[in-house]
Structures are given as structure tokens and as C-alpha cells.
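Each chain is listed here by its residues.
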Amino acid sequence: MPLEGEYEPSPAQWVREQVELYESSGGTRGTTLRDTGLPVVIVTMRGAKSGRIHKVPVMRVEHGGRYAAVASKGGFPSHPDWYFSVKANPGVELQDGPERRDMTAREITGDERDEWWRRAVAAYPPYAEYQEKTDRVIPVFVLEPGHPAGPA
């Protein structure tokens with residue numbers, strides 16, 4: 001079930017434009033990161049503070065129907081804002097080309113993170129440089145099919 005609510009576009013112009021092109025074309029255009037030619041997916045989430053809907057392009061790192069979302073922020077010392085939204089609200093929607101699906105995000109650590117980190121760096125080599133630029137361990141989420149269970 002798609003996330004519903006008021007959409008708040010990103011303050012970053014390139015993110016707004018990429019999301020708009022991706023969605024307005026039904027996932028047939030805007031599917032690569034700017035000038036790199038490397039594939040991206042769109043992750044839709046509910047904001048941790050505002051409760052509004054946010055959308056971000058992330059590198060397409062897929063394995064066995066699951067996806068990684070790497071909170072790199074280009075190696076800056078702090079996590080991207082979307083990291084906190086996904087932590088607070090792990091039920092997200094992923095658009096990979098024309099296909100949309102409900103997913104649950106789970107932050108991973110240890111050997112599982114190492115395995116997904118290798119996949120992420122293979123898909124987008126600059127991640128390795130980003131990790132070298134920062135003292136923080138860049139978080140990695142695995143997005144798995146389905147939405148989390150509601151309150152018991």
C-alpha cells in the first residue's frame with residue numbers, strides 16, 4: 001500500500017528534478033544518477049519530524065529482490081536527513097524503473113553490512129572514497145519486500 005500524505009519536495013534542486021523526471025516518466029527516464037550513467041531507484045518515506053512524504057534517489061544496489069540504501073551524504077560528517085526518517089518510519093516505498101513496491105528498511109551491521117557494503121561499492125565505487133573522508137561508519141539499510149507490522 002503506497003505511502004499517503006502531503007509531499008514535501010527536497011530542498012536540493014537536483015533531487016527534486018531527478019524525482020520529478022523519474023516519476024513523471026513512469027520510471028523510464030531519470031533512472032541514472034546525473035551524468036554518471038549509474039542506475040538509481042527512488043525511495044519514498046515518511047519524515048521523522050514533519051510526517052510529510054519525502055522522496056530520494058539512491059544508487060540501485062539489488063540482490064535477490066532486496067535493495068541497499070546507503071546513507072553516505074557524500075562522506076560528510078553527519079548522516080543525511082533521510083536516514084533519520086527511515087529509522088523512525090521503516091515502511092518505505094521503492095520505485096525501480098516502472099515497478100513500485102512496499103518495502104521494510106532495516107539498518108544492518110557486522111558481516112551483513114560488510115557483504116552489502118561490498119555490493120554497494122561495486123555498484124558505485126565513490127562510496128569507498130566517501131567512507132575514507134568521514135569518521136562515521138556510513139549506515140546501510142536493507143530494503144526487504146513488505147511493510148512492517150503495525151502495533152500489536
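Residues numbered from 1 in each chain as written. Predicted model: local features only at pLDDT ≥ 70, side-chain atom pairs only at ≥ 80, totals over all residues. Heavy atoms only, no water.

Draft legend 1. Layout of the packing of aromatic side chains. A complete count under the given rule lists seven aromatic pairs for this structure. In this structure an aromatic cluster arises from ring pairing among Trp82, Tyr83, Phe84 and Phe141. Over the ring of Tyr7 we find Lys55, and its NZ or CZ is 4.8 Å from the ring centre. (Phe/Tyr/Trp six-rings, centres within 6.5 Å; stacked < 30°, edge-to-face > 60°. Lys NZ or Arg CZ within 6 Å of the ring centre and 35° of its normal.)

Draft legend 2. Summary view of the pairing of strand E2 (residues 53-59). For E2, a buried count of six out of seven residues is recorded, marking the element as mostly surrounded by other parts of the structure. Two strands pair when backbone bridges link them, and strand E1 (residues 40-46) and E2 are joined in this way by seven bridges, in the antiparallel orientation. Paired with Val43 across the two strands is Val56, which belongs to E2. In this antiparallel pair of consecutive strands, E1 and E2, the connection spans six residues, and Gly51 shows a positive phi of 75°. (Buried < 20%, exposed > 50% of the residue type's maximum accessible area, 1.4 Å probe, protein only. Helix = DSSP H or I, 4+ residues; strand = E, 2+ residues; numbered from the N terminus. Pairing = 2+ DSSP bridges.)

Draft legend 3. Molecular detail of the pattern of salt bridges. Under the defined criterion, the tally for this structure stands at 12 salt bridges. For Glu23, the salt bridge goes to Arg100, with nearest N and O atoms at 3.8 Å. Of this pair, Glu23 sits in helix H1 (residues 13-24) while Arg100 sits in strand E6 (residues 99-107), placing them 77 residues apart in sequence. Owing to a relative accessible area of 43%, Arg100 belongs among the partly exposed residues under this scheme. The partner of Glu112 in a salt bridge is Arg106, and the shortest N-O contact between them spans 2.9 Å. With a relative accessible area of 31%, Arg106 lands in the partly exposed category. Salt bridges sharing common partners tie together Glu23, Lys55, Glu93 and Arg100. (Salt bridge = Lys/Arg side-chain N within 4 Å of Asp/Glu carboxyl O.)

Draft legend 4. Summary view of the sheet that holds E6. In space, the seven strands of this open sheet follow the order E2-E1-E5-E6-E7-E4-E3, with antiparallel pairing throughout. With partners counted over all chains shown, the strands left at the sheet margins are E2 and strand E3 (61-63), one partner each. Mean inter-strand twist for the sheet, computed between neighbouring axes without regard to direction, equals 35°. (Axes fitted to C-alpha atoms, helices over the stretch in contact; angles between N-to-C directions.)

Draft legend 5. Molecular detail of the environment of Lys87. Along the chain, Lys87 falls in helix H2 (residues 81-88). For Lys87, a relative accessible area of 46% corresponds to the partly exposed category. On a C-alpha basis, the gap between Lys87 and Ala48 in space is 8.0 Å, while along the polypeptide they are 39 residues apart. When near neighbours in sequence (up to four residues on either side) are disregarded, Lys87 contacts Glu107 and Phe141. (Contact = heavy atoms within 4.5 Å.)

Draft legend 6. Region of the structure containing the side chain of Lys55. Along the chain, Lys55 turns up in strand E2. Residue Lys55 is classed as buried on the basis of its relative accessible area of 15%. Polar contacts involving the side chain of Lys55 include one to the side chain of Glu23, which spans 2.9 Å. Among residues more than four places away in sequence, those in contact with Lys55 are Tyr7, Val15, Val19, Glu23, Ile42, Val43 and Thr44. (Polar contact = N/O pair within 3.5 Å; in protein donor to acceptor, adjacent residues only side chain to side chain.)

Draft legend 7. Broad picture of H2. Among the residues making up H2, those that are buried are Trp82, Tyr83, Ser85 and Val86. Looking straight down H2, one finds that the buried residues subtend no more than 165° of arc, so they occupy a single side. (Arc of directions from axis to C-beta.)

Draft legend 8. Quick look at the environment of Leu3. Among the secondary structure elements, Leu3 is positioned in the segment before H1. In sequence terms Leu3 and Ile42 are 39 residues apart; their C-alpha atoms lie 13 Å from each other. Contact partners of Leu3, with chain neighbours within four places excluded, come to Thr44, Met45, Arg46, Ile53, Gly91, Val92, Glu93 and His147.

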